[in-house]
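The residues making up each chain are set out below.
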Amino acid sequence: MPLYLNFHTHRLTLEGEITLPSFGLHPWHLAEQLQNLPSPNLGKKKTLPSPTLGKKTLPSPSPGKKALPSPSPGKKTLPSPSLVGREWSPIEIEESLYCHIQSAFPQPLGTSRRSTHQEGESEREPGAFWLIGECGLDRLCDTPYPLQLAAFEAQISLSERLHRPLVLHCVRAVDDVLRLHRSTTQPWVWHGFRGKPQQMQQLLQHGFYLSFGFHFNAESLCTCPAERLFLETDDDPRPVADLYATAADLRHTTPATLNQQCWDNLMSMHNV
Ligand SMILES: [Zn+2]
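Residues numbered from 1 in each chain as written. Predicted model: local features only at pLDDT ≥ 70, side-chain atom pairs only at ≥ 80, totals over all residues.

When helices and strands are counted, the protein shows 10 helices and eight strands. Within the protein, buried positions represent 40% of all 272 residues. Considering only intrachain contacts with a sequence separation of at least 6, the fraction spanning at least 24 residues in the protein is 69%. (Helix = DSSP H or I, 4+ residues; strand = E, 2+ residues; numbered from the N terminus. Buried ≥ 20, exposed ≤ 12 C-beta atoms within 10 Å, placed from the backbone. Contact = placed C-beta atoms within 7 Å.)

This next bit is on the sheet that holds strand β5 (residues 166-171). Taken in spatial order, the six strands of this open sheet run β3-β4-β5-β6-β7-β8, and their pairing is parallel. One side of each edge strand has no neighbouring strand; the edge strands of this open sheet are β3 (22-23) and β8 (229-231). Direction of pairing for strand β6 (residues 188-190) relative to strand β7 (residues 209-212): parallel, over a ladder of two bridges. Each residue of the ladder has a partner; that of tryptophan 190, found in β7, is leucine 210. The strands touched by helix α10 (residues 255-269) are β7 and β8; relative to β8, the strand with the most contacts, the crossing angle is about 115°. (Pairing = 2+ DSSP bridges. Axes fitted to C-alpha atoms, helices over the stretch in contact; angles between N-to-C directions.)

Turning to the nonpolar core, a few remarks are in order. In this structure, Ala151, Leu166, Leu168, Trp190, Leu210 and Leu231 are the most contacted members of the largest nonpolar core, which totals 55 residues. Excluding its chain neighbours within four sequence positions, the residues that come into contact with tryptophan 190 are Leu168, Cys170, Leu203, Phe208, Leu210 and Ser211. (Core = buried A, V, L, I, M, F, W, Y, C linked by C-beta atoms within 7 Å.)

Glancing now at the environment of arginine 172. Within the element layout of this structure, arginine 172 appears in the loop between β5 and α6 (174-181). Spatially, the C-alpha atoms of arginine 172 and arginine 139 are 5.7 Å apart, while their sequence positions differ by 33 residues. Once residues within four sequence positions are removed from consideration, arginine 172 is found in contact with Arg139 and Leu140.

Before going further, it helps to examine α10. Compared with an ideal rise of 1.5 Å per residue, which puts 15 residues at 21 Å, α10 spans 21 Å between its outermost C-alpha atoms and is within 8% of the ideal. Within the span of α10, buried status applies to Pro255, Leu258, Asn259, Cys262, Asn265 and Leu266. Seen end-on, α10 carries its buried residues on one side only, within an arc spanning 120°. The elements touched by buried residues of α10 are β1 (4-6), β7, β8 and α9 (240-250). Positive backbone phi, approximately 55°, marks asparagine 271, located one or two places after α10. (Expected span 1.5 Å × (residues − 1). Arc of directions from axis to C-beta.)

Moving on, we come to the environment of alanine 256. Secondary-structure assignment places alanine 256 in helix α10. The exposure class of alanine 256 is partly exposed, given the 13 C-beta atoms found within 10 Å. Expressed as a C-alpha distance, the spacing of alanine 256 and alanine 241, which sit 15 residues apart in the sequence, is 9.7 Å.

A two-sided burial pattern is seen for β7, the buried positions comprising Tyr209 and Ser211 on one face and Leu210 and Phe212 on the other. Here three bridges tie β7 to β8, and the two strands are oriented parallel to one another. Looking across to β8, one finds that phenylalanine 212 is bridged to leucine 231. Each parallel crossover has a hand, and the one from β7 via helix α8 (residues 218-223) to β8 is right-handed. (Right-handed = clockwise from strand over helix to strand, strands pointing away.)

Now the structure itself:
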């Protein structure tokens, strides 16, 4: 049986599961993360900054290896006054992130998963591809909303430019999310989905995938179409296998079948 796919987590990979390298600016941590980003040399020759957001090497999410976790969702931080006063345009953030990604990920960027597929990689080996995120909008956190919007727009643009699906964090900002989603082509995955079936239907109609964590609406998890579903632990320390067992029970299937479906969804999302 393939290892359990843990679609989104902030911890290192546990035995028996696989996590995906991803890269993004979390709305809770924008202030500190932007401070650590290199200044983009817009219009000038690009220099490669040293990686500051993640590990220096690209971890491959193959069995037994550890994946690059997204920024930890721990304590919320207040943006520093200097940051609030500083104007960050989406293009500036995007270029900073792009520079950073170039230095952190060795394989060529701007290509689809298919063209980076290497000989010898197995069907179930995601290889070096990764996701943009988690990123998004959160009206309940302290980060100024305009700054959140700028960073989110930058990451949407990056997701389109690099052909990587986007992992979405959305709290009380669904209108803006749907507005921004309209002109995109990459798949978006609403992570940690806890909404009711009615909201789920709205998101499904817009083409979203939904990733469920331990805090889910049971009716939504039961009725989510299999081909749009992922499971994740996010910041929960429990093994993702526990969640597969619970979800399989609810959906009257087996954990192995559900896991296979999630892998299939991942592959189809990346056009593999
Ligand atoms: Zn998260």
